[in-house]
Amino acid sequence: MTYRRAVCIYNPAAGRGIGQSKLDAIRQILSAAVRDVSLAPTKLSGHATDLAERAVVGGCDLVAVFSGDGTINEVVQGLAGRASPALLVLPGGTANVLANEVGLPSDPLRAARLLPELAAKPVRLGQAVFSGDGSSRYFLLMCGAGLDAAVAARVSKPLKRRLGPAAFWLAGARFSLQRFPRARISGADNGASGPSCGLVVVSKSRLYGGGLVLTPGANLLADHFVTAQYPGVNRLAYGSYLTAAKCHLMSKCPGVRLESREDLVLEPAAAETVQVQVDGEVVGELPARITLSDATCTVLMPKSYVNA
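What counts, and where the lines are drawn
- Residues numbered from 1 in each chain as written.
- Predicted model: local features only at pLDDT ≥ 70, side-chain atom pairs only at ≥ 80, totals over all residues.
- Heavy atoms only, no water.
- Helix = DSSP H or I, 4+ residues; strand = E, 2+ residues; numbered from the N terminus.
- Buried < 20%, exposed > 50% of the residue type's maximum accessible area, 1.4 Å probe, protein only.
- Contact = heavy atoms within 4.5 Å.
- Areas by Shrake-Rupley, 256 points an atom, 1.4 Å probe, with all protein chains shown as cover.
- Polar contact = N/O pair within 3.5 Å; in protein donor to acceptor, adjacent residues only side chain to side chain.
- Phe/Tyr/Trp six-rings, centres within 6.5 Å; stacked < 30°, edge-to-face > 60°.
- Pairing = 2+ DSSP bridges.
- Expected span 1.5 Å × (residues − 1).
- Arc of directions from axis to C-beta.
- Core = buried A, V, L, I, M, F, W, Y, C linked by side-chain atoms within 4.5 Å.

*Asks:* Help me understand the overall build of the chain in this model?
*Replies:* On a plain count of helices and strands, the chain comes out with 11 helices and 15 strands. Split into buried and exposed, the 308 residues of the chain put 51% on the buried side. Taking as baseline every contact in the chain between residues at least 6 positions apart, the subset at least 24 positions apart corresponds to 74%. For the chain, the accessible surface area stands at approximately 13,200 Å², while carbon and sulfur atoms represent 50% of it.

Structure representation (structure tokens):
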């Protein structure tokens, strides 16, 4: 497919910092397949959404994002419900879950060179709607309530830049000494609420941060989520969950509930604040309704993922 106009949105502070030489190389590579390529840096939280909306108004048919999953999620807010422009992911963040999920190279220059070979596929977006203030947020990958959101909330951006993925492991180790927030799926199993969990994940992605597989069987192109419920707050149990996720054995892990759903409500399992993350960014607190939206975003991905 030939593209006429593209913008490459990038977060200068993503990952360990983005150098001008790499940006120039990306622009040169994209220009081999696109007639008009511009660069657009983000300046503050939420700015990527504005830049994506401007790309739509400006007639771009390709939006490349050279950053991490959080910036990609902001761009998705501006592209949701539109068949064009297509979204090209150039890994430049801490975890790069989306790129890893679809099988793009970890090197953004190699990923950019694949542009002519990638398939453009509409992906139905998940949506979290928060009961407290009525706000909502789309997501491409996953929504998590409980432990993962609490850990993400404790990782500062300077620490992520300095330590990379290790920042989350450090924050998780520290948080393991505290009380786990508890969540549950409301109205599950013919009206009965699900078990009290330290972590509930609702995902369209098989992969999670750090190469973990928390929701085996999930797929961006599927018309359903895979939900994973991790009961209790026993720290030894969560150690076994982590080991199973690392070894891709979650489906055989005792106590874990894996189910396919399109619509559910998450609520606190006790009188406490339970935070929610989407695509790795903390965006609200329970209760929230999680639905598979009719809104789509066109994502460029290797044909091997499409045909898997």
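*Asks:* Can you walk me through the side chain of Gln-77 in this structure?
*Replies:* Here Gln-77 is to be found in helix H3 (residues 69-79). Take Gln-77: its relative accessible area is 19%, and that puts it in the buried class. Among the polar contacts made by the side chain of Gln-77, one reaches the main-chain carbonyl oxygen of Tyr-138 at a distance of 3.0 Å. Contacts of Gln-77, omitting those with residues within four sequence positions, involve Thr-49, Arg-137 and Tyr-138.

*Asks:* I'm lost on H3 in this one. Help?
*Replies:* Quick reminder: α-helices carry 3.6 residues per turn. Residues three or four places apart thus point the same way. Among the 11 residues that make up H3, 11 are buried, leaving the element largely enclosed by the rest of the structure. Residues Asp-69, Gly-70, Thr-71, Ile-72, Asn-73, Glu-74, Val-75, Val-76, Gln-77, Gly-78 and Leu-79 constitute the buried set of H3. Immediately beyond the C-terminal end of H3, within one or two residues, lies Gly-81, with a positive phi of roughly 85°.

*Asks:* Can you help me understand the packing of aromatic side chains in this one?
*Replies:* A ring pair, where both rings are aromatic, is described by two values, the distance of the centres and the angle of the planes. One pass over the structure, following the stated rule, counts 4 aromatic pairs. Aromatic side chains Phe-180 and Tyr-238 sit 5.3 Å apart centroid to centroid with 80° between the ring planes, which places their arrangement in the edge-to-face category. Placement of the pair is Phe-180 in the loop between helix H8 (166-175) and strand S8 (183-186) and Tyr-238 in helix H10 (residues 235-246), with a sequence separation of 58 residues. An aromatic cluster is present here, built from Phe-180, Tyr-230, Tyr-238 and Tyr-241 joined pairwise through their rings.

*Asks:* Mind showing me how you'd approach unusual backbone geometry here?
*Replies:* Across residues other than glycine, the phi torsion is negative in most instances, and most of the peptide bonds are trans. Here the amide bond leading from Ser-84 into Pro-85 is cis, since omega sits at 5°, within 30 degrees of zero. Note that Pro-85 resides in strand S4 (residues 82-91). Here the amide bond leading from Leu-286 into Pro-287 is cis, since omega sits at 10°, within 30 degrees of zero. Take Pro-287: it is sitting in the loop between strand S14 (281-285) and strand S15 (288-301). Even without glycine at this site, Asn-96 takes up a positive phi of about 55°. Mapped onto the secondary structure, Asn-96 falls in the loop between S4 and helix H4 (97-102).

*Asks:* How should I be thinking about the pairing of strand S5 (residues 119-130) in this particular structure?
*Replies:* Each regular strand carries side chains that alternate between the two faces of the sheet. Strand direction decides the pairing type here: S5 and S15, joined by 11 bridges, are antiparallel. If you follow Ala-128 over to S15, its bridge partner there is Ile-290. For S5 and strand S6 (residues 136-139), the ladder comprises 4 bridges, and the chain directions are antiparallel. Paired with Val-129 across the two strands is Ser-136, which belongs to S6. Adjacent in sequence and paired antiparallel, S5 and S6 are bridged by 5 residues, among which Gly-134 carries a positive phi angle near 75°.

*Asks:* Hey, could you run me through the pairing of S15 in this one?
*Replies:* Burial of S15 is extensive: 11 of the 14 residues sit out of reach of the surface. Direction of pairing for S4 relative to S15: parallel, over a ladder of 2 bridges. Of the residues in S15, the one forming a bridge with Leu-87 is Val-299. Bridge analysis of strand S12 (residues 263-268) against S15 gives 4 bridges, and the strand direction is antiparallel. Its bridge partner lying in S15, Val-265 is registered against Arg-289.

*Asks:* Whenever I open this one, helix H1 (residues 20-31) confuses me. Can you help?
*Replies:* Between the first and last C-alpha of H1 there are 16 Å, a value that for 12 residues agrees with the 16 Å anticipated at 1.5 Å per step. When H1 is considered as a whole, its buried residues turn out to be Leu-23, Ile-26, Ile-29 and Leu-30. In a view along the axis of H1, the buried residues occupy a sector of 125°, so they form one face of it. Along H1, exposed side chains directed more than 90 degrees from the buried face belong to Ser-21 and Gln-28.

*Asks:* Please clarify how the nonpolar core should be interpreted in this entry.
*Replies:* Core analysis: the biggest nonpolar cluster contains 73 residues, and Leu-87, Leu-140 and Tyr-230 have the highest contact counts within it. Of all the elements, strand S1 (residues 3-10) adds the most residues to this core, at 6 residues. The residues contacting Leu-140, other than those within four sequence positions of it, are Ile-72, Val-76, Leu-87, Leu-98, Val-123, Leu-125, Lys-204, Leu-220, Asp-279 and Val-299. Membership of the second largest hydrophobic core comes to 20 residues, among which are Cys-143, Ala-145, Val-202 and Val-278.

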